[in-house]
Amino acid sequence: MGSIAIIGAGNVGQAIAGHMSLQGHDVRLFDRWGHDLEPIRANDGGIDLVGEVEGHGRPSVLTTDLKEAVDGAQVVVVAAPAFAHAYISQELAAVLEPSQLVLFQPGVLGSGVELARMFSLAGRTRCLIAETPTSLYTCRLRKPAHVYIGAIKHSVPLAAVPHTDTPRALEILRAYFGQRYAAGGDTLAVGLSNCNPIYHVPPAVLNFKTVEDADRHPLHSLVTPRIAEVIDALDKERLSLAHALGVEATSFWDFLTTAYGVTEGTFVERIVQGYGRQAFPEPDSVTHRYFTEDIPFGLVIWRSLAEQLGLSLPLTDSFIAVSSTLCGRDFAADGRTAESLGLLRSDAAGIRAAFIDGAVC
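Residues numbered from 1 in each chain as written. Predicted model: local features only at pLDDT ≥ 70, side-chain atom pairs only at ≥ 80, totals over all residues. Heavy atoms only, no water.

Chemist: It is not clear to me how helix 12 (residues 267-275) should be interpreted in this structure. Could you clarify?
Modeler: Along an α-helix, a turn takes 3.6 residues, which lines up residues three or four apart on a common side. Considered for burial, the residues of helix 12 that qualify are Arg270, Ile271, Gly274 and Tyr275. Seen end-on, helix 12 carries its buried residues on one side only, within an arc spanning 105°. On its buried face, helix 12 is in contact with helix 8 (196-206), helix 10 (225-244) and helix 11 (252-260). (Buried < 20%, exposed > 50% of the residue type's maximum accessible area, 1.4 Å probe, protein only. Helix = DSSP H or I, 4+ residues; strand = E, 2+ residues; numbered from the N terminus. Arc of directions from axis to C-beta. Contact = heavy atoms within 4.5 Å.)

Chemist: Hey, could you run me through the sheet that holds strand 3 (residues 47-51) in this one?
Modeler: The strand order across the open sheet formed by four strands is 4-3-10-9, and the pairing between neighbours is mixed. Strands with a single pairing partner mark the edges of an open sheet, and in this sheet they are strand 4 (55-57) and strand 9 (137-143). On average, adjacent strands in this sheet sit at an angle of 30° to one another, irrespective of strand direction. Sheet topology note: the strand 3/strand 10 (residues 146-152) ladder contains four bridges and is parallel. Opposite Gly51, over in strand 10, you have Ile149 as the bridge partner. (Pairing = 2+ DSSP bridges. Axes fitted to C-alpha atoms, helices over the stretch in contact; angles between N-to-C directions.)

Chemist: Hey, could you run me through the nonpolar core in this one?
Modeler: General note: in soluble globular proteins, nonpolar side chains tend to be found buried as a group. Ranked by size, the top nonpolar core spans 56 residues in total, and within it Leu192 and Phe252 carry the most contacts. Ranked by residues supplied to this core, first place goes to helix 14 (residues 295-309) with seven residues. The residues touching Phe252, leaving out its near neighbours within four places in the chain, are Cys195, Ile198, Tyr199, Ile231, Asp235, Arg238, Ile271 and Tyr275. By size, the runner-up hydrophobic cluster in this structure holds 40 residues, among which are Ile47, Val53, Val156 and Leu170. (Core = buried A, V, L, I, M, F, W, Y, C linked by side-chain atoms within 4.5 Å.)

Chemist: I'm lost on the packing of aromatic side chains in this one. Help?
Modeler: Aromatic ring pairs are defined here through the distance separating the ring centres and the angle between the ring planes. Using the criterion set out here, one finds 10 aromatic pairs in the structure. Note on Phe252 and Phe255: the rings are 6.4 Å apart at their centroids and 25° apart in plane angle, and the pair reads as stacked. With Phe252 and Phe255 both in helix 11, this residue pair falls three residues apart, about one helical turn. Both residues of the pair, Phe252 and Phe255, belong to the buried class. Linked through ring pairs, Tyr199, Phe252, Trp253, Phe255, Tyr260, Phe267 and Tyr275 together constitute an aromatic cluster. Above the plane of the ring of Phe280 lies Arg140, whose end atom (NZ or CZ) is 4.0 Å from the centre. (Phe/Tyr/Trp six-rings, centres within 6.5 Å; stacked < 30°, edge-to-face > 60°. Lys NZ or Arg CZ within 6 Å of the ring centre and 35° of its normal.)

Right, dumping it as structure tokens:
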């Protein structure tokens, strides 16, 4: 059995912590403010899981002290929202040792690069760093300390920074997650394969009245044939960026195949097959992560890297602009950019070097 620290006690963090505890691992669960830890303490120190995993998992440590959480842990899983990654990376770079593995699960484009840069700025030897484009767990908190796991995905790509460390990361993670992580090439390809903004943003923005009314319709039920065409067009812009950077990224429709076994049907039918069982609801406010995460740490970084290459992403630009107005926030100013990753005025080769070889600025 291994020792694993989970950074973040939301949906995914509690799902992983509960599942790993049930498997007999030493699990430490960190929450920066501690609010999400109190219900777990009150629930006999554990997390109730239902769905694909059933049971009551009890982490060995519940803490707001990051060093306590990660000290001696073989694997450190960052399961916090994307907007917290910069802060967490800065803190982790000060305390982690080279022998440890950090897994952004999920990451967003640049999470691994950002952590590598933090180690460089701190003058410390980096640890092993890996990331995935999506969470292995499709899950939701039904109430505090009670998580519904709708699915554990069949296969999720993973890559390390630098990419030559990927086999070592996969070998370590097999003891915890079995064979469900697969080699994804490099973190540029993996990061650009994050399909969350593709599926989340168009139906949320194009059905904004139901967001304002907090109707909480299942998101998949809001995808009409024409909205599905918008999803496909947005996906094509993301893939055009990947092509310009010289990498192959997974299309949204191929993602549905690898993650959920969906192989045929119209765009709408494939979305229903992939997401209908979970029936997770649309956003019920402008502070929902489909806006606050998928736009500034998805669409914005795509657009920012595209600008370095002189590549136009007009539909991506439109969703950023419209969403910023609807939500009353400047997502372009709040998000991850080429500048924040030290890649301003980089060409395709410079961007690839940072993501693939771990060359930091």
